[in-house]
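Working through the structure, step by step
Residues per chain are reported as follows:
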Amino acid sequence: MRLDKYLKVSRLIKRRTVANEACDNGLVEVNGRPVRASYEVKAGDRITLRFGARTVTVEVLSVQETVRQAEAGALYREIP
């Protein structure tokens, strides 16, 4: 699955266009390096998102096309 779609499906970012822009602006890294929105996400990848002064790092546990909002948190594990 594309990175921008994964960020939307997992509810880490609300809209796919916003996820796409974040990737274009270098605010998203996978496994320590900046990637484009077309990057194929796999289980085990570490995604780092920068929101202003806040940085969030998550580990991808599973990749699914669709999930309910209540189950979206099960797609990843937040790393402190």
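Below is a summary of the structure that appears in this document. Keep in mind that what you see is a predicted model, and the values were worked out from it rather than measured.

So, how was this worked out
Residues numbered from 1 in each chain as written. Predicted model: local features only at pLDDT ≥ 70, side-chain atom pairs only at ≥ 80, totals over all residues. Heavy atoms only, no water. Helix = DSSP H or I, 4+ residues; strand = E, 2+ residues; numbered from the N terminus. Rg over C-alpha atoms; globule rule 2.2 N^0.38 Å. Buried < 20%, exposed > 50% of the residue type's maximum accessible area, 1.4 Å probe, protein only. Contact = heavy atoms within 4.5 Å. Areas by Shrake-Rupley, 256 points an atom, 1.4 Å probe, with all protein chains shown as cover. Arc of directions from axis to C-beta. Core = buried A, V, L, I, M, F, W, Y, C linked by side-chain atoms within 4.5 Å.

**Here's the deal with the overall build of the chain**
If you tally the helices and strands in the chain, you get 2 helices and 5 strands. Whereas a compact globule of 80 residues would reach a radius of gyration of roughly 12 Å, the chain reaches 11 Å, a difference of no more than 12%. Projected onto the principal axes, the alpha-carbon positions of the chain cover approximately 30 × 25 × 20 Å. Within the span of the chain, comprising 80 residues, buried residues form 39% of the whole. Looking at the chain alone, contacts between residues at least 24 apart form 37% of all its contacts between residues at least 6 apart. With an accessible surface of roughly 5,000 Å², the chain has 46% of that area assigned to carbon and sulfur atoms.

**Some remarks on helix 2 (residues 16–24)**
For helix 2, every residue scored as buried is listed here: Ala 19, Ala 22 and Cys 23. Seen end-on, helix 2 carries its buried residues on one side only, within an arc spanning 100 degrees. Residues Thr 17 and Asp 24 are exposed on helix 2 and point more than 90 degrees away from its buried face. Next to the buried residues of helix 2 lie helix 1 (3–9) and strand 1 (28–30).

**A few points about the side chain of Thr 48**
Among the secondary structure elements, Thr 48 is positioned in strand 3 (residues 46–51). The contacts of Thr 48, once residues within four sequence positions are left out, are Leu 27, Val 28, Glu 29, Thr 55, Val 56 and Thr 57.

**Side note on the nonpolar core**
Ranked by size, the top nonpolar core spans 25 residues in total, and within it Leu 3, Tyr 6, Leu 7, Val 28, Ile 47 and Leu 49 carry the most contacts. Of all the secondary structure elements, the ones that give two or more residues to this core are helix 1, helix 2, strand 1, strand 3 and strand 4 (54–60). In terms of residues, this core owes the most to one element, helix 1, which gives 4 residues. Setting aside residues up to four positions removed in sequence, Leu 7 forms contacts with Leu 12, Ile 13, Ala 19, Val 28, Ile 47 and Leu 49.

**Remarks on unusual backbone geometry**
Despite not being glycine, Arg 11 shows a phi value in the positive range, around 65 degrees. Despite not being glycine, Asn 31 has its phi angle at roughly 55 degrees, a positive value. With respect to the helices, strands and loops of the structure, Asn 31 is situated in the loop between strand 1 and strand 2 (33–34). Classification of Asn 31 by relative accessible area gives partly exposed; the value is 42%.

The analysis is restricted to geometry; functional conclusions fall outside its scope.
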